[in-house]
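Single-letter residue listing:
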Amino acid sequence: MTLGRRKLASLALPLVAAACGASPDPNYYTIVSRTGPTLPAGPKIVMVKDIGLASYLDRREIVRSSEGYKLDIMANDWWGESLGAMLARVLVSELGQRLPNSSVYAESGAISVDPNVVVGVNIQRLDADKAGTLILNAQVAAEFNRPRRMAARNFSISRPTPAPDIRGLVAAISDAVGELADGIAALLQP
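Regarding the overall build of the chain
Turning to step 1, where the next piece is worked out: Tallying secondary structure elements over the chain gives three helices and nine strands in all.
Turning to step 2, where the next piece is worked out: Starting at the N terminus and walking to the C terminus, you meet the elements of the chain as α-β-β-β-β-β-α-β-β-β-β-α.
Turning to step 3, where the next piece is worked out: Counted over contacts in the chain with a minimum sequence separation of 6, partners at least 24 positions apart contribute 69%.
Turning to step 4, where the next piece is worked out: As displayed, the chain has an accessible area near 10500 Å², and 55% of this comes from carbon and sulfur atoms.

Below is the structure:
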């Protein structure tokens, strides 16, 4: 074997080894909007700020659980978009449905508005407990500017997973986010 071929073989060997040990393509998941009760009143223009996420959730892989001091992260089950952006998109859609007399926009969108209320959401937990029940813990604050006032509420939502797999977890997350949207819409009532 010549020196050139040896160099080529030595460079190619790690690539071949990496390809053999590569994991399969990931499965991508998304949170879907759930319809809820419509409320007749609400601020004319609502802006949903970018969602604040607990750092352990801010990753492409889905976190199944954070119980027992250990993160159970699904290496091959990923969110189809950033979790914070997805939650904001879904909440904007759900609030728009629940508040038909309001225009609801996301802070990071292309539309710049002078809102009547700015809604901030911090997601502190969004995973399953030891029994497999989804837990969503969130803080919500609404800052109204006409007239100026504040409203805030903590949410702790538990939803059973319809199946023990990731699809069941994501379905429960979708239900819980819909319930969170119900609570936010109620918080925005005069």
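Quick word on the side chain of Ser102
Turning to step 1, where the next piece is worked out: Within the element layout of this structure, Ser102 appears in the loop between helix 2 (83-98) and strand 6 (103-106).
Turning to step 2, where the next piece is worked out: Polar side-chain contacts of Ser102 include one of 2.5 Å to the backbone oxygen of Pro43.
Turning to step 3, where the next piece is worked out: If sequence neighbours within four positions are ignored, Ser102 has contacts with Gly42, Pro43, Lys44 and Val46.

Quick notes on the environment of Pro164
Turning to step 1, where the next piece is worked out: Relative to the assigned elements, Pro164 resides in the loop between strand 9 (148-160) and helix 3 (166-187).
Turning to step 2, where the next piece is worked out: Under the relative-accessibility criterion, Pro164 is labelled exposed at 78%.
Turning to step 3, where the next piece is worked out: With 31 residues separating them in the primary sequence, Pro164 and Thr133 have C-alpha atoms 9.5 Å apart.

Quick look at the environment of Arg60
Turning to step 1, where the next piece is worked out: Here Arg60 lies in the loop between strand 3 (52-53) and strand 4 (61-65).
Turning to step 2, where the next piece is worked out: Along the sequence, Arg60 and Trp79 sit 19 residues apart, while their C-alpha atoms lie 5.4 Å from each other.
Turning to step 3, where the next piece is worked out: Those residues within four positions of Arg60 in sequence are excluded, and the remaining contacts are Asp77, Trp78 and Trp79.
Turning to step 4, where the next piece is worked out: Polar contacts involving the side chain of Arg60 include one to the side chain of Glu61, which spans 3.3 Å.

Comments concerning helix 2
Note that an α-helix has 3.6 residues per turn; residues three or four places apart therefore point the same way.
Turning to step 1, where the next piece is worked out: Over its 16 residues, helix 2 extends 22 Å from the first C-alpha to the last, a length consistent with the 22 Å expected when each residue adds 1.5 Å.
Turning to step 2, where the next piece is worked out: Within helix 2 the residues assigned to the buried category are Leu83, Gly84, Met86, Leu87, Ala88, Val90, Leu91, Val92, Glu94, Leu95 and Arg98.

Comments concerning the pattern of salt bridges
Turning to step 1, where the next piece is worked out: All told, the structure shown has ten salt bridges when counted by the stated rule.
Turning to step 2, where the next piece is worked out: Taking the shortest distance from any N to any O, the salt bridge between Asp175 and Arg34 comes out at 2.6 Å. Of this pair, Asp175 sits in helix 3 while Arg34 sits in the loop between strand 1 (27-29) and strand 2 (45-48); the two residues are 141 residues apart in sequence, bridging distant segments of the chain.
Turning to step 3, where the next piece is worked out: The salt bridge involving Arg89 is made with Glu81; its shortest N-O contact spans 2.7 Å.
Turning to step 4, where the next piece is worked out: The class for Glu81 is partly exposed, based on a relative accessible area of 29%.

A word on the packing of aromatic side chains
Turning to step 1, where the next piece is worked out: One pass over the full model with this rule turns up one aromatic pair.
Turning to step 2, where the next piece is worked out: With a centroid separation of 5.7 Å and an interplanar angle of 80 degrees, the aromatic rings of Tyr28 and Trp78 are classed as edge-to-face. With Tyr28 in strand 1 and Trp78 in strand 5 (residues 72-79), the pair connects residues that are 50 residues apart, well separated along the chain.
Turning to step 3, where the next piece is worked out: A relative accessible area of 52% places Tyr28 in the exposed class.
Turning to step 4, where the next piece is worked out: Of the residues examined, Trp78 reaches a relative accessible area of 16% and is grouped as buried.
Turning to step 5, where the next piece is worked out: Taking the ring centre of Trp78 as reference, the NZ or CZ of Arg60 above it sits at 3.9 Å.

Parameters and conventions
Residues numbered from 1 in each chain as written. Predicted model: local features only at pLDDT ≥ 70, side-chain atom pairs only at ≥ 80, totals over all residues. Heavy atoms only, no water. Helix = DSSP H or I, 4+ residues; strand = E, 2+ residues; numbered from the N terminus. Contact = heavy atoms within 4.5 Å. Areas by Shrake-Rupley, 256 points an atom, 1.4 Å probe, with all protein chains shown as cover. Polar contact = N/O pair within 3.5 Å; in protein donor to acceptor, adjacent residues only side chain to side chain. Buried < 20%, exposed > 50% of the residue type's maximum accessible area, 1.4 Å probe, protein only. Expected span 1.5 Å × (residues − 1). Salt bridge = Lys/Arg side-chain N within 4 Å of Asp/Glu carboxyl O. Phe/Tyr/Trp six-rings, centres within 6.5 Å; stacked < 30°, edge-to-face > 60°. Lys NZ or Arg CZ within 6 Å of the ring centre and 35° of its normal.

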